[in-house]
Amino acid sequence: MATAFLSAQRSKDPRTQVGACIVNEENKIVGIGYNGMPVGCHDDEMPWGRDSDNILETKQLYVCHAELNAVLNKNSADVKNCTIYVALFPCNECAKVVIQSGIKEVVYYSDKYKDKPEFVASKKMLDMAGVKYRQHIPKQKQILIDFTAIDAMTGTNVKEVLKADQTSF
Ligand SMILES: O=c1[nH]c(=O)n([C@H]2C[C@H](O)[C@@H](COP(=O)(O)O)O2)cc1CO
Ligand SMILES: [Zn+2]
């Protein structure tokens, strides 16, 4: 799930960044995706708003959902019997992609839109197709990525080695 959330950081959606990570039966990652505009449709030239009188000026008609991208980005022949970790419960369109691609389990974090028809329909289809879904409750609320830690660690190790050398002499 943390990998899904990390992938979501790349999304240009100013409101909801969604990431998805697909793993096979051996828990090995076979696909990662986030919500973004189709290839060639430049992020800065496309609308990112959701509320406009003109639907053509909203993101809904254009944005590729994280689940779709994760399936399309797969590095294996297929994603049959895989599990998809996703930040937000899949909408009805993503549920179709999940079902048709043979994914057998959805692990989601947020279900913030659960009362909307897209998500009621999604659950209806997942239930009928026998795709399991469960909410992920993380052990910790946050993970900090500290790029400098690897160098700091090396420094500590070097100091320890030097100290050990001094004591042995
Ligand atoms: O299953 C999903 N996967 C996914 O990638 N998304 C994306 C589409 C939009 O860019 C964003 C939702 O935007 P909003 O919260 O403004 O409705 O999340 C949204 C859903 C559920 O709607
Ligand atoms: Zn979707």
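Residues numbered from 1 in each chain as written. Chains lettered and ligands numbered in written order. Predicted model: local features only at pLDDT ≥ 70, side-chain atom pairs only at ≥ 80, totals over all residues.

**Topic: the site of ligand 1**
Piece 1. In the neighbourhood of ligand 1, 15 residues make up the surrounding shell, with Thr16, Val18, Asn35, His65 and Cys91 lying closest.
Piece 2. Considered class by class, the residues forming the shell around ligand 1 number 7 nonpolar, 3 polar and 5 charged. (Near = placed C-beta within 6 Å. Nonpolar A, V, L, I, M, F, W, Y, C, P; charged D, E, K, R; others polar.)

**Looking at unusual backbone geometry**
Piece 1. With a phi close to 65°, Asn27 is a non-glycine residue in the positive phi region.
Piece 2. For Asn27, the location among the structural elements is in the loop between β1 (19-23) and β2 (29-34).
Piece 3. The phi angle at Asn81 is positive, at roughly 65°, despite the residue not being glycine.
Piece 4. In this structure Asn81 comes out as exposed when scored by C-beta crowding, with 11 C-beta atoms within 10 Å. (Helix = DSSP H or I, 4+ residues; strand = E, 2+ residues; numbered from the N terminus. Buried ≥ 20, exposed ≤ 12 C-beta atoms within 10 Å, placed from the backbone.)

**Concerning the packing of helix α3 (residues 92-101) against helix α4 (residues 117-129)**
Piece 1. Where α3 contacts α4, the axes come no closer than 8 Å and their chain directions differ by 20°. Viewed along their axes, α3 and α4 adopt a mutual orientation that is roughly parallel. α4 is crossed by α3, and the crossing has right-handed handedness. Residue-level contacts link Asn92, Ala95, Lys96 and Ile99 of α3 to Glu118, Ala121, Ser122, Met125, Leu126 and Ala129 of α4.
Piece 2. Within the contact of α3 with α4, the residues separate by chemical class into 6 nonpolar, 2 polar and 2 charged. (Axes fitted to C-alpha atoms, helices over the stretch in contact; angles between N-to-C directions. Parallel < 35°, antiparallel > 145°, perpendicular 65-115°, else oblique. Left-handed = near helix turned anticlockwise from the far one by under 90°. Contact = placed C-beta atoms within 7 Å.)

**Let's talk about the pairing of β2**
Piece 1. With 5 bridges connecting them, β1 and β2 associate as antiparallel partners. What sits directly across from Ala20, in β2, is Gly33.
Piece 2. Counting the residues in the hairpin turn of β1 and β2 gives 5 residues, including Asn27, whose phi is positive at 65°. (Pairing = 2+ DSSP bridges.)

**What about the UniProt feature "active site" (unreviewed entry) in the chain?**
Piece 1. UniProt records the feature "active site" (unreviewed entry) at Glu67, using the numbering of this structure.
Piece 2. With respect to the helices, strands and loops of the structure, Glu67 is situated in helix α2 (residues 66-72). (UniProt positions renumbered as here; feature names shortened; annotations may be inferred.)

**Quick look at the sheet that holds β1**
Within a sheet, each strand pairs with its neighbour through backbone hydrogen bonds, oriented either parallel or antiparallel.
Piece 1. Spatially, 5 strands are ordered β2-β1-β3-β4-β5 in an open sheet, and the strand pairing comes out mixed. A single partner strand is all that each edge strand has here, and the edge strands are β2 and β5 (132-135). On average, each strand axis in the sheet is inclined to that of its neighbour by 15°, with strand direction left out of account.

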